[in-house]
Number of protein chains: 2
Amino acid sequence: MNQLKQLLSSSKLKATHQRMVILEAVKSNKVHPTVDQVYESIREANPGISLATVYKTLETFVENGLINKVSTTEGLKRYDSNLGAHGHIYCLNTNEIIDYYDEDLNRIIIDFFKTKRINNLKIKNISLNINGDKLDPAKEVIIK
Amino acid sequence: MNQLKQLLSSSKLKATHQRMVILEAVKSNKVHPTVDQVYESIREANPGISLATVYKTLETFVENGLINKVSTTEGLKRYDSNLGAHGHIYCLNTNEIIDYYDEDLNRIIIDFFKTKRINNLKIKNISLNINGDKLDPAKEVIIK
DNA sequence: GTGTTTGCAAAAGCTTTGCAAAGTT
DNA sequence: AACTTTGCAAAGCTTTTGCAAACAC
């Protein structure tokens, strides 16, 4: 709890109860939740926190680099608390978004962009999107 | 014009005037337009085509593999008529989405996934997203 | 002629806003 | 005390829907 407070303070954000609850909720959610999923996940324990606050707070976190947005093709905002370099697996049949990271691939891509030039662009980050179907929707996707 | 008709017929879609106009509009638009941008681009020449039709038609095209959706973090749908394997450059200051393709990178990534396994997933396609800032928003991004 | 597609207007879903009250430092 | 954040309800977008009329084959 005090860690969250520190995290907020270091971004010069006031450590309100709402922000702590919401930050905790996104951080512990590994499915790249929508605003509504975050809201629902805290609602029972915090019936007083409004949906509008969840909207505003998540955007504030993004602006301050505490979390990121994930791209989707569905026209819905989804958030990601994993700040490390990583890609995503988009599961076309279950709609899940699963983190993907591979040390070797990361190296390969970084090396590649050392040799290629993109003029007039300052690259902020690069991510790989894998689209696929879960063969058995009940089972997990396992990356080896 | 007859090419569009053929394209539609080969997907077993009736070649209506609306579909031809909309398909032509997405195909000639390189900026990965939103629904509204497609609508605006045809409106003057085709005041009778309704926004609802543009919505429905673009989704029909995606379902039939004539175009694709592009992922965004803004919670808006955007479309792409480039069907080849390629990635995107997301320009954080201008909001443009620019196609990116490199033969070598494509090879490297394909080779990589021949050696790595992702269990329980059937990969449909892989794309690379580059996020960055245009240094001079007036100039084009040039990929060398 | 049969079945599909369109336009309209209404509804539904997602997100933002304005402002007074409450909270943080 | 000064300034920021919250909740509410309303407004603003984006997208979908139901259905009768129009259209393609």
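Just so we're clear, the structure is a prediction, and the values are computed from it rather than from any experiment.

Chemist: Explain the packing of helix α2 (residues 17-27) of chain B against helix α4 (residues 51-63) of chain B to me, please; I cannot follow it from the model alone.
Modeler: Residue and element names in this part refer to chain B. It is at 10 Å that the axes of α2 and α4 come closest, and there the two elements cross at 70°. By the criterion of interaxial angle, the relationship of α2 to α4 is roughly perpendicular. Counting all contacts with α2, which are made through Gln18, Arg19, Ile22, Leu23 and Val26, the residues of α4 involved are Thr53, Val54, Thr57, Leu58, Thr60 and Phe61. Of the residues assigned to the contact of α2 with α4, the class counts are six nonpolar, four polar and one charged.

Chemist: What is the right way to look at the protein's contact with DNA strand C in this model?
Modeler: Close to DNA strand C lie 19 residues; Tyr55 of chain A together with Thr16, Gln18, Arg19 and Thr53 of chain B are nearest. At the protein interface, 72% of the atoms of DNA strand C within 4 Å belong to sugar or phosphate. Lysine 56 of chain A is positioned with one of its side-chain polar atoms (N or O) 3.4 Å from a base oxygen of DNA strand C. Counting only elements with at least two residues in the surface near DNA strand C, the list comes to α4 (51-63) of chain A together with α2 and α4 of chain B. The biggest single contributor to the surface near DNA strand C is α4 of chain B, with four residues. When the residues that make up the surface near DNA strand C are grouped by side-chain class, the tally is six nonpolar, seven polar and six charged.

Chemist: Any chance you could explain the nonpolar core here in plain terms?
Modeler: Among soluble globular proteins, nonpolar side chains are generally buried collectively. In this structure, Phe113 of chain A together with Phe113 of chain B are the most contacted members of the largest nonpolar core, which totals 24 residues. Secondary structure elements with two or more residues in this core: β4 (97-100), α5 (103-115) and β6 (121-134) of chain A together with β4 (97-100), α5 (103-115) and β6 (121-134) of chain B. Not counting residues within four places of it along the chain, the set of residues in contact with phenylalanine 113 of chain B comprises Tyr100, Leu105, Leu128 and Ile130 of chain A together with Ile118, Ile123 and Ile126 of chain B.

Chemist: How do you make sense of the domain arrangement of chain A when you look at a structure like this?
Modeler: The parts lose accessible area when they come together, and the size of an interface is often stated as this lost area. Residue and element names in this part refer to chain A. By the assigned domains, chain A splits into domain 1 (1-82) and domain 2 (84-135). Its C-alpha centre places domain 1 at a distance of 24 Å from the equivalent point of domain 2. Between domain 1 and domain 2, the contact holds 10 residues from the first and nine residues from the second. Inspection of the domain 1/domain 2 interface yields zero salt bridges. Applying the counting rule to domain 1 against domain 2 returns nine residue pairs in polar contact (both at pLDDT 80 or more). Each residue belonging to the side of domain 1 that touches domain 2 can be placed in one class, and the counts come to two nonpolar, four polar and four charged.

Chemist: Help me understand the sheet that holds β4 of chain B, please; the structure alone is not making it clear to me.
Modeler: Pairing between the strands of a sheet is mediated by backbone hydrogen bonds and can be parallel or antiparallel. Strands sit in the order β4(A)-β3(A)-β6(A)-β6(B)-β3(B)-β4(B) across an open sheet of six strands; the sheet is mixed. Edge strands, defined here as strands with exactly one partner in the open sheet, are β4 of chain A together with β4 of chain B. Within this sheet the neighbouring strands show an average axis-to-axis angle of 30°, counted without direction. Direction of pairing for strand β3 (residues 87-91) of chain B relative to β4 of chain B: antiparallel, over a ladder of four bridges. When the bridges of β4 of chain B are listed, isoleucine 89 of chain B appears paired with isoleucine 98 of chain B. Most of the contacts of α5 of chain A go to β6 of chain A, to which it runs at about 140°, and overall it touches β4 and β6 of chain A together with β4 and β6 of chain B.

Chemist: It is not clear to me how the relation of the copies chain B and chain A should be interpreted in this structure. Could you clarify?
Modeler: Superposition of the two copies of the chain requires a rotation about an axis together with a shift along that axis. The two copies are related by a screw motion: chain B maps onto chain A through a turn of 180° and a shift of 0.0 Å along the axis, at an RMSD of 0.1 Å. Here the copies are linked by what is in effect a two-fold axis. Same-surface contact between copies: 100% of interface residues of chain B are shared with the interface of chain A.

Chemist: So what exactly am I meant to see when it comes to the protein's contact with DNA strand D here?
Modeler: Neighbouring DNA strand D are 20 residues, the closest being Thr16, Gln18, Arg19 and Thr53 of chain A together with Tyr55 of chain B. Sugar plus phosphate, as a fraction of atoms of DNA strand D within 4 Å of the protein: 74%. Here a phosphate oxygen of DNA strand D and a side-chain polar atom of arginine 19 of chain A are 2.9 Å apart. A distance of 3.1 Å is found between a phosphate oxygen of DNA strand D and a backbone nitrogen or oxygen belonging to lysine 77 of chain B. Of all the elements in the fold, those that place two or more residues in the surface near DNA strand D are α2 (17-27) and α4 of chain A together with α4 of chain B. No other element matches α4 of chain A, which puts four residues into the surface near DNA strand D.

Calculation rules
Residues numbered from 1 in each chain as written. Chains lettered and ligands numbered in written order. Predicted model: local features only at pLDDT ≥ 70, side-chain atom pairs only at ≥ 80, totals over all residues. Heavy atoms only, no water. Axes fitted to C-alpha atoms, helices over the stretch in contact; angles between N-to-C directions. Helix = DSSP H or I, 4+ residues; strand = E, 2+ residues; numbered from the N terminus. Parallel < 35°, antiparallel > 145°, perpendicular 65-115°, else oblique. Contact = heavy atoms within 4.5 Å. Nonpolar A, V, L, I, M, F, W, Y, C, P; charged D, E, K, R; others polar. Near = heavy atom within 4 Å. Polar contact = N/O pair within 3.5 Å; in protein donor to acceptor, adjacent residues only side chain to side chain. Core = buried A, V, L, I, M, F, W, Y, C linked by side-chain atoms within 4.5 Å. Buried < 20%, exposed > 50% of the residue type's maximum accessible area, 1.4 Å probe, protein only. Domains from an automatic or database assignment. Salt bridge = Lys/Arg side-chain N within 4 Å of Asp/Glu carboxyl O. Pairing = 2+ DSSP bridges. Least-squares fit on C-alpha atoms with pLDDT ≥ 70 in both.

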